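Next come the chains, spelled out residue by residue.
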Amino acid sequence: MQQVTSALTESEIVALVRDGRREGYEAMLCRYADRVFAMIVKLVPNVMDAQELTQDVFIRAFDRINSYDPQRSSLSTWLCRIAYRMSLDYLKRKHPRVLSFDDNQVWQIDISDEQLEAELSTNRKERIELLGRLIDELPTDERTLLTLYYYDGYPLTGIAYITGIDARALANRLYRIRKKLYIKLKDERNI
């Protein structure tokens, strides 16, 4: 079955799901479940909750397959959009909102792109570990934006589609988050 489902194109999978055919559902799950789960588990670190949400994402996708428009996004991006929104809804219900530290401090400091890049780009193990810990402490929406852009390699237009936020606003947020990390790294080294 794996060879049959992997040979299907995205449009064939969508057509099969729209027709209610089992092989379409199986193909969609085989091809995209790992990616959807990987995105959800970054937002919802409890693995069991992330697995349940992944199932819910596919149930919703199967139910709403007629709303999928291949002109707007790939099937993978559409599924990630559903996963992102369902994960945020879950977090709103289960966990209180995490507040980030004062953004005024971030905007008051003038930092060039070169300074940011030099401070945040390093191959030193201790700096990478510290940066990873600081990223884990960021609010969920900021951590997710960093993950989608830097780790998953989505372009800002793809992230805009997933999150429903304008690409220019996302670019500004990325810059602001990088400044926050820069400030936190500087503070950590001075402690």
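Look a little higher up for the structure.
These lines cover the structure that appears in this document, whether it is placed above or below. (Residues numbered from 1 in each chain as written. Predicted model: local features only at pLDDT ≥ 70, side-chain atom pairs only at ≥ 80, totals over all residues. Heavy atoms only, no water.)

1. Remarks on the side chain of Thr 147
Phase 1 of the analysis: Mapping Thr 147 onto the fold places it in helix α9 (residues 140-151).
Phase 2 of the analysis: Judged by its relative accessible area of 10%, Thr 147 is buried.
Phase 3 of the analysis: Leaving out residues up to four positions away in the same chain, Thr 147 has contacts with Lys 42 and Asp 152. (Helix = DSSP H or I, 4+ residues; strand = E, 2+ residues; numbered from the N terminus. Buried < 20%, exposed > 50% of the residue type's maximum accessible area, 1.4 Å probe, protein only. Contact = heavy atoms within 4.5 Å.)

2. Re a nonpolar patch on the surface
Phase 1 of the analysis: On the surface, a cluster of nonpolar side chains totalling about 350 Å² of accessible area is made up of Tyr 149, Tyr 150 and Tyr 151.
Phase 2 of the analysis: For Tyr 149, the location among the structural elements is in helix α9.
Phase 3 of the analysis: In this structure Tyr 149 comes out as partly exposed when scored by relative accessible area, which is 32%. (Patch = residues over 30% accessible without salt bridge, like charges linked within 9 Å, V, L, I, M, F, W, Y side chains within 5 Å. Areas by Shrake-Rupley, 256 points an atom, 1.4 Å probe, with all protein chains shown as cover. Salt bridge = Lys/Arg side-chain N within 4 Å of Asp/Glu carboxyl O.)

3. Quick notes on the packing of helix α3 (residues 22-43) against helix α5 (residues 75-94)
Phase 1 of the analysis: Running from N to C, α3 and α5 point in directions that differ by 35°, and their axes come no closer than 9 Å. The handedness of the crossing between α3 and α5 is right-handed. Here Met 28, Tyr 32, Arg 35, Val 36, Met 39, Ile 40 and Leu 43 of α3 lie close against α5, whose contacting residues are Leu 75, Ser 76, Leu 79, Cys 80, Ala 83, Tyr 84, Ser 87 and Leu 91.
Phase 2 of the analysis: Partitioned by chemical class, the residues of the contact of α3 with α5 number twelve nonpolar, two polar and one charged. (Axes fitted to C-alpha atoms, helices over the stretch in contact; angles between N-to-C directions. Left-handed = near helix turned anticlockwise from the far one by under 90°. Nonpolar A, V, L, I, M, F, W, Y, C, P; charged D, E, K, R; others polar.)

4. Description of helix α4 (residues 47-63)
Phase 1 of the analysis: Under the 1.5 Å per step criterion, the end-to-end length of α4 is 24 Å for 17 residues, consistent within 8% with the ideal 24 Å.
Phase 2 of the analysis: Along α4, the residues classified as buried are Ala 50, Leu 53, Thr 54, Val 57, Phe 58, Ala 61 and Phe 62.
Phase 3 of the analysis: Those residues of α4 that are buried lie in contact with α2 (10-18), α3 and α5. (Expected span 1.5 Å × (residues − 1).)

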